[in-house]
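Here's the letter readout for the chains.
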Amino acid sequence: MSGTPSEIEAQARELVLRILGVPAPSQGRALLRGDVPEWDSLKHMEIVFALEDRFGIQFDESEFPTLDTPVAIAAAVRRHLAP
Amino acid sequence: MLFGAPNRADLAACVPAWPLRALRVRVHRNHGFEAVSSATRAYAAWNGLDFEWLIGGYDDSLSFDVASDADIEIVWLDTTRLQGLAEVGIVDWLIGRLRALRSQTVRPILVLAWPLSDSDRTRLDEAMIPDTHVAAVSTLAAALGERWIDARAAALSGTRLGNHACLMIARELACCWVPALTLPPRKAIAVDLDGTLYAGTLGEDGPTGVELTQGHRALQHRLARFRDEGMLLALVSRNERDDVEELFARRDDFPLRLSDFSAIEVSWNDKPAAIGRVASALRIGCDSIVFVDDNPGELADAGASLPVITVHAGYDAAQTASVLEHVAGVFRWRRSAEDRLRADDLRASHVRAQIEQAASSPDDYLRSLQVQLDLLVGPRQQLARLAELSAKTNQFNLSLGRMSEAEIARRLVVAPSNVVAIRLTDRLSDSGIVGMVVGSRVGNALHIDELCVSCRALGRRLEDSMVTKAVVVMAGQLAPETVVFAVRKGPRNAPARDWLVRYAGAPVDDETESVEVPFDAVCARTLSSAIRIEVMQ
């Protein structure tokens, strides 16, 4: 699965919100792990595994803590999808 | 989505819009379980369940905290973390810990331990700890191969098992292992023909024109195995009966034969009515039936008017087989001898009906059948079958106590004569264990806490003899003054309650919780001389 950077970011954002079970942040506010109490370590595990399944990739262990916003996730996904 | 390749992103999109039954599941563990529990939601919801997880802290010693109530106990072990026990032997240690847990709860225990060799798993099973079941996790590991372990995973999930390993375990847990411990089993699978057991339409393509694809062959093979394991098969099809008979006669390549079906409903009438007739013929409730059809409209009609479980036969028939295996209540931890006897016994019931019509009297009927009842007192070897009877029997189940294997085992420990199993044979078939009476002595009264007789044994006028003899055996040398039958109204146990009215000569209304019968009155009942009864201590 691939897409434009903005499409990947939108998919990642939608998946993160669905797993967290929270509404999207209000207009103009970014979705940041540090701002969402529900985004704890267990939800982070679910998010990382779901992203791997959605995009058919495997993150490196060192990337796990950096996947803390849809923007960062999209950048990491693009790196793994790059030919 | 649920039964293809495991995909956690897809699972996240599944949100049930139907009511769910809550189950409290406690987990005793020594490695991360959350990667499994978080993935069970969609699978459990598909089967109408909602798990409430009570997950304890990491504990290699398995000290077991069961302070709060739970419906089921799971032991989740990474045995490589127990290498310090190598000298004692991990299996011996685990048997000891499971016995300790068993002594603290009567709830079912499910052991998910990995790695665990087949021989170690067998040893755990052979320890015969009541209502304790060891899942074949290694089979899943073998199916997934090298992706079973993911060295990266522990940093996120606290377990070495990879994401897809956890997803596979979650699916089996939610669809097979836990439902088999907590829900009544399904008893029959009713299948459509066209587009379900083969590709094509019998009426248009003819018996030799319909195609048995590789997937349909796999589905038919799986259905044949279900039948061998004791699941009843039924055919529900809109076709001409002659065409269907010709189809099975000419298609030697079909793994299923027409004789594999215990009920056949082929007509142009509506399918819900046909399924209702199947349920009557098989003497089971519609909620015990799984209905498989390729037509979503037929499934919707059946699902709207009957409490059947419906499964859509999709384009990939092999996946239909996989879906069937994951319907709650289809997987069983054990298949009893009675399961395998069921289809033959049902066939014999049709012959019995003919004999009854020709018989000059009830005793003549019983004598011609050469009926024998064996009363097994304190039947430790039959615990699984007795628990199954308690869980499955709906019509002749007086108190609907739904006793678990562990609870029946506990009653046996108090006094072996507290439990009597009843085995039935006649010249036409061996019906196996068909009845159970569980009692307890309270002062001068003998309380009958659980009394159930399988529907397979009903209609032969045997209930009075079964119960009278069982009560007398239970009473032993010290005759009680009264026998107190526990009774509770359920949606389908009118036959049992009506029997009690007749047997006790006392009214039983919706609120009645017990009925007393003087023990002398029980003893005074005449046992039919046409029935041979043997008591086995």
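Only a predicted model underlies this, so the values are computations on that prediction, with no experimental measurement involved.

Looking only at helices and strands, chain B has 22 helices and 18 strands in total. Relative to a compact globule of 537 residues, whose C-alpha radius of gyration would be 24 Å, chain B shows 25 Å and is just as compact. Overall size of chain B, expressed as C-alpha extent along the three principal axes, is 75 × 65 × 40 Å. Across the 537 residues in chain B, those meeting the buried criterion constitute 57%. For chain B, contacts bridging at least 24 residues in sequence account for 73% of all contacts bridging at least 6. Accessible surface for chain B amounts to roughly 21,900 Å². Of this, 49% is attributable to carbon and sulfur atoms. Within chain B, one finds 59 positive and 71 negative side-chain charges whose respective centroids are separated by 3 Å.

A word on the layout of surface pockets. Residues and elements named next belong to chain B. Each pocket or cavity is described by its volume, and for the largest pocket that value is around 1,400 Å³. Considering the residues around the largest pocket, the lining is formed by 43 residues, among which Asp131, His133, Ala180, Ala387 and Glu405 are closest to the centre. For the lining of the largest pocket, the secondary structure elements donating two or more residues are β1 (21–29), α5 (118–126), β5 (132–134), α9 (179–182), α18 (383–392) and α19 (405–414). Counting residues per element, the lining of the largest pocket draws most heavily on α18, which supplies six residues.

Attention shifts here to the packing of α18(B) against α19(B). All names here are of chain B. Two numbers describe how α18 lies on α19: the axes approach to 8 Å, and their chain directions differ by 120°. Our classification of the angle between α18 and α19 gives oblique. By crossing handedness, the relation of α18 to α19 is classed as right-handed. Each of Leu383, Ala384, Leu386 and Ala387 in α18 lies in contact with α19, whose residues at this interface are Glu405, Ile408, Ala409 and Leu412. In terms of residue class, the contact of α18 with α19 is made up of seven nonpolar, no polar and one charged.

What follows covers the confidence of the model for chain A. Put simply, chain A has an average pLDDT of 91, and 98% of its residues get 70 or more. When pLDDT is averaged over each helix and strand of chain A, the minimum, 93, is found for helix α1 (residues 5–20) of chain A and the maximum, 95, for helix α3 (residues 70–81) of chain A.

Attention now goes to the interface of chain B and chain A. In this assembly, 20 residues from chain B lie in contact with 18 residues from chain A. Both sides together, the interface formed by chain B and chain A hides about 1,600 Å², and carbon and sulfur atoms give 62% of it. In this structure, the connection of chain B to chain A is made through one salt bridge. In this structure, A:Glu52 engages B:Arg152 in a salt bridge whose closest nitrogen and oxygen atoms are separated by 2.6 Å. Elements supplying a minimum of two residues to the side of chain B that touches chain A: α1 (8–12), α2 (34–37), α7 (153–157) and α8 (163–177) of chain B. In terms of residue count, the dominant contributor to the side of chain B that touches chain A is α7(B) (four residues). Residues belonging to the side of chain B that touches chain A are distributed by class as follows: 10 nonpolar, five polar and five charged.

How each quantity is defined
- Residues numbered from 1 in each chain as written.
- Chains lettered and ligands numbered in written order.
- Predicted model: local features only at pLDDT ≥ 70, side-chain atom pairs only at ≥ 80, totals over all residues.
- Heavy atoms only, no water.
- Helix = DSSP H or I, 4+ residues; strand = E, 2+ residues; numbered from the N terminus.
- Rg over C-alpha atoms; globule rule 2.2 N^0.38 Å.
- Buried < 20%, exposed > 50% of the residue type's maximum accessible area, 1.4 Å probe, protein only.
- Contact = heavy atoms within 4.5 Å.
- Areas by Shrake-Rupley, 256 points an atom, 1.4 Å probe, with all protein chains shown as cover.
- Lys, Arg positive; Asp, Glu negative; His and termini not counted.
- Charge placed at Lys NZ, Arg CZ, Asp CG, Glu CD.
- 1 Å grid on protein atoms, 1.4 Å probe; cavity = no way out; pocket = protein on both sides within 12 Å on 5 of 7 lines; lining within 4 Å.
- Points joined across faces, edges and corners; volume = space filled by probe spheres on them.
- Axes fitted to C-alpha atoms, helices over the stretch in contact; angles between N-to-C directions.
- Parallel < 35°, antiparallel > 145°, perpendicular 65-115°, else oblique.
- Left-handed = near helix turned anticlockwise from the far one by under 90°.
- Nonpolar A, V, L, I, M, F, W, Y, C, P; charged D, E, K, R; others polar.
- pLDDT = per-residue confidence, 0-100.
- Buried area = accessible area lost by both parts, 1.4 Å probe.
- Salt bridge = Lys/Arg side-chain N within 4 Å of Asp/Glu carboxyl O.

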